[in-house]
Amino acid sequence: MYNTQNIFYKILKSEIPNKTIYEDENILCFYDINPKSKIHALVIPKMNYIDFNDFVTNANPTLVSNFFKKVNDIAVDILFLENFKIITNNGAGAGQEVFHFHVHILG
Ligand code: AMP
């Protein structure tokens with residue numbers, strides 16, 4: 001069950017500030033507060049999904065496809081990265097700390 005007490009839900013509700021990189025009606029991308037590389041961005045859907053499994057299983061396939069295309073476009077066209085890693089931690093045992101689905105872009 002999705003918990004609305006998570007930090008990214010509060011960011012989406014503008015209750016907590018963020019350093020926005022890109023935003024549209026479906027997606028928000030912002031800088032990670034504790035960067036693990038020179039460029040560390042997070043991309044989240046505006047709809048509430050707990051993790052990768054929840055997102056790809058339950059979201060509209062067009063939304064899923066557009067989300068991952070946009071992750072690439074942000075990395076390449078906005079962050080100007082040629083070399084980057086895309087990471088998503090699925091579940092606490094994999095290191096997930098915030099239970100609103102997100103992708104890390106590490107450049
Ligand atoms: P994960 O471990 O995959 O759930 O990643 C959660 C990420 O969220 C971590 O890299 C944190 O540094 C980052 N984070 C936590 N709080 C904030 C915040 N208020 N603004 C930006 N990034 C955050």
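That block above? That's the structure.
Residues numbered from 1 in each chain as written. Predicted model: local features only at pLDDT ≥ 70, side-chain atom pairs only at ≥ 80, totals over all residues. Heavy atoms only, no water.

> Is there a simple way to think about the overall build of the protein chain in this case?
From N to C terminus, the protein chain includes three helices and five strands. For the protein chain, the α and β elements follow one another from N to C terminus as α-β-β-β-α-α-β-β. Here the protein chain has a C-alpha radius of gyration of 13 Å; the compact-globule value for 107 residues is 13 Å, and the two agree. Based on the C-alpha atoms only, the size of the protein chain along its principal axes is roughly 35 × 30 × 30 Å. (Helix = DSSP H or I, 4+ residues; strand = E, 2+ residues; numbered from the N terminus. Rg over C-alpha atoms; globule rule 2.2 N^0.38 Å.)

> Looking at this model, I keep getting lost on the site of the ligand. Mind explaining?
With respect to spatial proximity, 17 residues lie near the ligand, and among them Asp32, Asn89, Gly95, Glu97 and His104 are the closest. Within the backbone of isoleucine 33, a nitrogen or oxygen atom sits 3.1 Å from a nitrogen atom of the ligand. Residue glutamate 97 places a main-chain N or O atom 2.6 Å away from an oxygen atom belonging to the ligand. A total of 500 Å² of accessible area belongs to the ligand in isolation, and the protein chains cover 89% of it. Secondary-structure elements contributing two or more residues to the shell around the ligand are helix H1 (7–12) and strand E2 (27–31). Broken down by class, the residue content of the shell around the ligand amounts to eight nonpolar, six polar and three charged. (Near = heavy atom within 4 Å. Polar contact = N/O pair within 3.5 Å; in protein donor to acceptor, adjacent residues only side chain to side chain. Areas by Shrake-Rupley, 256 points an atom, 1.4 Å probe, with all protein chains shown as cover. Nonpolar A, V, L, I, M, F, W, Y, C, P; charged D, E, K, R; others polar.)

> What am I meant to see in the nonpolar core here?
Nonpolar side chains tend to gather and get buried jointly when the protein is soluble and globular. Cys29, Val43, Phe55, Phe67, Ile74, Leu79 and Ile105 are the most contacted members of the largest nonpolar core, which has 20 residues in total. At the level of secondary structure, the elements contributing two or more residues to this core comprise strand E1 (20–23), E2, strand E3 (40–45), helix H3 (61–78) and strand E5 (103–106). At six residues, H3 tops the list of elements feeding residues into this core. Ranked by size, the runner-up nonpolar core spans seven residues in total, among them Ile11, Phe30, Leu42 and Val98. (Core = buried A, V, L, I, M, F, W, Y, C linked by side-chain atoms within 4.5 Å. Buried < 20%, exposed > 50% of the residue type's maximum accessible area, 1.4 Å probe, protein only.)

> Before we go on, may I ask you to explain the environment of lysine 85 in this structure?
The topology assignment puts lysine 85 in strand E4 (residues 85–87). Spatially, the C-alpha atom of lysine 85 lies 9.5 Å from that of alanine 75, the residues being 10 residues apart in sequence. Ignoring any residue separated from it by four or fewer positions in sequence, one finds lysine 85 in contact with His104, Ile105 and Leu106. (Contact = heavy atoms within 4.5 Å.)

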